[in-house]
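Residues per chain are reported as follows:
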Amino acid sequence: ANVPEQTLGMLRHFTVEEPAKFVVKSDDDVVVRVDNLAEYLEGMSTSFGTQRIYAGWMVDGATVHRTGKWAVSREEFAGDTWARYASGPAYMVSGSLARRIVRLGDKR
């Protein structure tokens, strides 16, 4: 499976099989300080609630590659730039946002 399908599968697991309040994805070479992460998530929940929280290293206006390893065809995505997204070694979504992503992914 490709990365988007793997990601959708991970989110599906943590929304259907083992519902979670938050889902954190990290690379295998990342050390997650669970104590710091829990404190951060508690602060986010207090400030914003738990609806649609999406956090990480956010990228704005990245160019869509049409050739090379990360190529995306115009049929797959017609735009020239991606919407804002989290990139890098780790990101986090709230369970409610993960459920929404899974629902939208399942409609494709």
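Structure's up top.
Remember, predicted model here, so these are calculated numbers, not experimental data.

Procedures and definitions
Throughout this description, residue numbers start from 1 for each chain and increase along the sequence as written. For a predicted model such as this one, the threshold for reporting local features is a pLDDT of at least 70, and the threshold for listing and counting side-chain atom pairs is 80 or more; totals across whole chains, interfaces and linings nevertheless cover every residue. Values shown for side chains rest on all heavy atoms present in the structure; no hydrogens or waters enter the calculation. In DSSP terms, a helix is any run of H or I states spanning at least four residues, a strand is any run of E spanning at least two, and both are numbered starting from the N terminus. In a helix, the anticipated span is given by 1.5 Å times the number of residues less one. Any residue under 20% of the maximum accessible area for its type is buried, any over 50% is exposed, and the rest in between are partly exposed; the area is computed with a 1.4 Å probe on protein chains only. As used here, the arc is the angular range of directions from the helix axis to the C-beta atoms. A contact between two residues is defined here by any heavy atoms of the two lying within 4.5 Å. Under the pairing criterion, centres of Phe, Tyr and Trp rings, with the six-membered ring standing for Trp, must be within 6.5 Å; the plane angle then separates stacked pairs below 30 degrees from edge-to-face pairs above 60, leaving the rest tilted. When DSSP locates at least two bridges between a pair of strands, those strands are taken to pair. All axes here are fitted lines through C-alpha atoms, helices being fitted over the stretch that makes contact, and every angle between N-to-C directions spans 0 to 180 degrees. For salt bridges, the criterion is a side-chain nitrogen of Lys or Arg within 4 Å of an Asp or Glu carboxyl oxygen. Residues form patches when they are more than 30% accessible in relative terms and have no salt bridge. Like charges link within 9 Å. Nonpolar side chains (Val, Leu, Ile, Met, Phe, Trp, Tyr) link within 5 Å. Note on areas: these come from Shrake-Rupley sampling with a 1.4 Å probe, and a residue is covered only by the protein chains present in the view. Just so you know, the count uses Lys and Arg for positive and Asp and Glu for negative, and it drops His and the chain ends. Charged groups are reduced to one reference atom each: NZ for lysine, CZ for arginine, CG for aspartic acid, CD for glutamic acid.

Peer 1: Just to check I follow, could you spell out helix α1 (residues 3-17) for this structure?
Peer 2: Taking 1.5 Å per residue, 15 residues should reach 21 Å; α1 reaches 20 Å between its end C-alpha atoms and fits that length. Inspection of α1 places Leu8, Leu11 and Thr15 among the buried residues, and these make up the whole buried set. For α1, the angular spread of the buried residues around the axis is 65 degrees, confining them to a single face. Opposite the packed face of α1, turned more than 90 degrees from it, sit the exposed residues Val3 and Glu17. Along its buried surface, α1 packs onto β1 (22-26), β3 (85-94) and α3 (95-106).

Peer 1: Can you walk me through the packing of aromatic side chains in this structure?
Peer 2: Two aromatic rings are characterised by how far apart their centres lie and by the angle between their planes. What the rule picks out here adds up to 1 aromatic pair. Ring centres of Phe77 and Trp82 lie 4.5 Å apart, and the angle between their planes is 20 degrees; on these two criteria the pair is classed as stacked. Judged by its relative accessible area of 30%, Trp82 falls in the partly exposed class.

Peer 1: Just to check I follow, could you spell out the side chain of Ser45 for this structure?
Peer 2: Structurally, Ser45 is set in helix α2 (residues 34-48). With sequence-adjacent residues up to four places away left out, Ser45 is seen in contact with Lys21, Phe22, Thr50 and Ile53.

Peer 1: I would appreciate a short explanation of the sheet that holds strand β2 (residues 54-59) in the present structure.
Peer 2: Two strands in a sheet stick together by hydrogen bonds in their backbones, pointing the same way (parallel) or opposite ways (antiparallel). The sheet built from 3 strands is open, its strands ordered β1-β3-β2 with antiparallel pairing. The open sheet has two edge strands with one neighbour each: β1 and β2. Between one strand axis and the next, the sheet turns through 20 degrees on average, direction left out of account. Of the pairings in the sheet, the one linking β1 to β3 comprises 5 bridges and is antiparallel in character. Residue pairing across strands places Ser26 opposite Ala90, the latter belonging to β3.

Peer 1: What exactly am I supposed to notice about the pattern of salt bridges here?
Peer 2: A side chain with one charge may pair with a side chain of the opposite charge, provided their charged atoms come close. The final tally for this structure, using the stated rule, is 5 salt bridges. In this structure, Asp35 and Arg33 form a salt bridge, with 2.9 Å as the shortest nitrogen-oxygen distance. Between Asp60 and Arg84 there is a salt bridge, with the nearest N and O atoms lying 3.2 Å from each other. Here Arg84 lies in the loop between β2 and β3 and Asp60 lies in the loop between β2 and β3, a separation of 24 residues in the sequence. For Asp60, a relative accessible area of 54% puts it in the exposed group.

Peer 1: Whenever I open this one, a positive patch on the surface confuses me. Can you help?
Peer 2: Together, Arg52, Arg99, Arg100, Arg103 and Lys107 give the surface a local cluster of positive charge. Residue placement: Arg52 occurs in the loop between α2 and β2.

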